[in-house]
Amino acid sequence: MGVIVPLVSVSAFWALIGFGGPWLVPKGVNRGIIQTMIVLTAVCCWMFWILVYLHQLNPLIGPQISVKTIRWMAEKWGNAPGVDTHYSTTSSP
């Protein structure tokens, strides 16, 4: 439900601009160009918004934390059950 409400509301807003905006342009020499600009603006703004929104739902790269910081967090906050932070960075035979 948390994803659908903004997705539908923002998409409906830009659809309203894209489909309804050209009907509000007064008659004149440049009416076709202005209508095209309104539709392209709505499409580009919607595409930018949807790409950013969807990227935030499933990021490709997570936060990168150094080993020193992870060890400090484990010491100060405590470990999760089953997590061992007492390992060395060098491999042993």
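Owing to the predicted nature of the structure, the values given are computational and were not obtained by experimental measurement.

1. Observations concerning the packing of aromatic side chains
And then number 1: Counting across every chain of the model gives two aromatic pairs.
And then number 2: Relative to Trp14, the ring of Phe13 has its centre 4.9 Å away and its plane inclined at 75 degrees; by these criteria the two rings are edge-to-face.
And then number 3: The exposure class of Phe13 is partly exposed, given its relative accessible area of 43%.
And then number 4: Arranged with centres 4.9 Å apart and planes meeting at 15 degrees, the rings of Trp49 and Tyr53 form a pair that is stacked. One end of the pair is Trp49 and the other is Tyr53, both in helix 2 (residues 31-57) and four residues apart, which spans about a single turn.
And then number 5: Relative accessible area serves as the criterion here: at 22%, Trp49 is assigned to the partly exposed category.

2. What about a nonpolar patch on the surface?
And then number 1: The grouping of Val3, Ile4, Val8, Leu54 and Leu57 at the surface amounts to a nonpolar patch, some 430 Å² of accessible area in total.
And then number 2: Within the residue set of the nonpolar patch, elements represented by two or more residues are helix 1 (4-20) and helix 2.
And then number 3: In this structure, Leu57 sits in helix 2.

3. What about the UniProt feature "transmembrane region" (unreviewed entry) in the protein?
And then number 1: Under the local residue numbering, the UniProt record ascribes the feature "transmembrane region" (unreviewed entry) to residues 6-25 and 37-54.
And then number 2: Secondary structure across residues 6-25 divides into 75% helix and 0% strand, with the first and last C-alpha atoms of the span separated by 28 Å.
And then number 3: Between the C-alpha atoms that bound residues 37-54 there is a distance of 25 Å. The span itself is 100% helix and 0% strand.

4. Quick word on the packing of helix 1 against helix 2
And then number 1: Interhelical geometry of helix 1 versus helix 2 gives an angle of 165 degrees and a closest axis separation of 8 Å. If you check the angle between helix 1 and helix 2, you find them roughly antiparallel. When the axes of helix 1 and helix 2 are compared, the crossing they make is right-handed. Each of Pro6, Leu7, Val10, Ser11, Trp14, Ile17 and Gly18 in helix 1 lies in contact with helix 2, whose residues at this interface are Ile38, Val39, Ala42, Cys45, Trp46, Trp49, Ile50 and Tyr53.
And then number 2: Tallied by class, residues from the contact of helix 1 with helix 2 come to 13 nonpolar, two polar and no charged.

5. A closer look at the environment of Val10
And then number 1: Checked against the element boundaries, Val10 lands in helix 1.
And then number 2: Separated by 36 residues in sequence, Val10 and Trp46 place their C-alpha atoms 7.8 Å apart.
And then number 3: Residue contacts for Val10: discarding those within four places in its chain leaves Trp46 and Trp49.

6. Observations regarding helix 2
And then number 1: Between its first and last C-alpha atoms helix 2 spans 39 Å; for 27 residues at 1.5 Å apiece the expected length is 39 Å, and the two agree.
And then number 2: Every buried residue belonging to helix 2 is among Ala42, Ile50 and Tyr53, and all of these are buried.
And then number 3: Those residues of helix 2 hidden inside the fold are in contact with helix 1.

Cut-offs and rules
Residues numbered from 1 in each chain as written. Predicted model: local features only at pLDDT ≥ 70, side-chain atom pairs only at ≥ 80, totals over all residues. Heavy atoms only, no water. Phe/Tyr/Trp six-rings, centres within 6.5 Å; stacked < 30°, edge-to-face > 60°. Buried < 20%, exposed > 50% of the residue type's maximum accessible area, 1.4 Å probe, protein only. Helix = DSSP H or I, 4+ residues; strand = E, 2+ residues; numbered from the N terminus. Patch = residues over 30% accessible without salt bridge, like charges linked within 9 Å, V, L, I, M, F, W, Y side chains within 5 Å. Areas by Shrake-Rupley, 256 points an atom, 1.4 Å probe, with all protein chains shown as cover. Salt bridge = Lys/Arg side-chain N within 4 Å of Asp/Glu carboxyl O. UniProt positions renumbered as here; feature names shortened; annotations may be inferred. Axes fitted to C-alpha atoms, helices over the stretch in contact; angles between N-to-C directions. Parallel < 35°, antiparallel > 145°, perpendicular 65-115°, else oblique. Left-handed = near helix turned anticlockwise from the far one by under 90°. Contact = heavy atoms within 4.5 Å. Nonpolar A, V, L, I, M, F, W, Y, C, P; charged D, E, K, R; others polar. Expected span 1.5 Å × (residues − 1).

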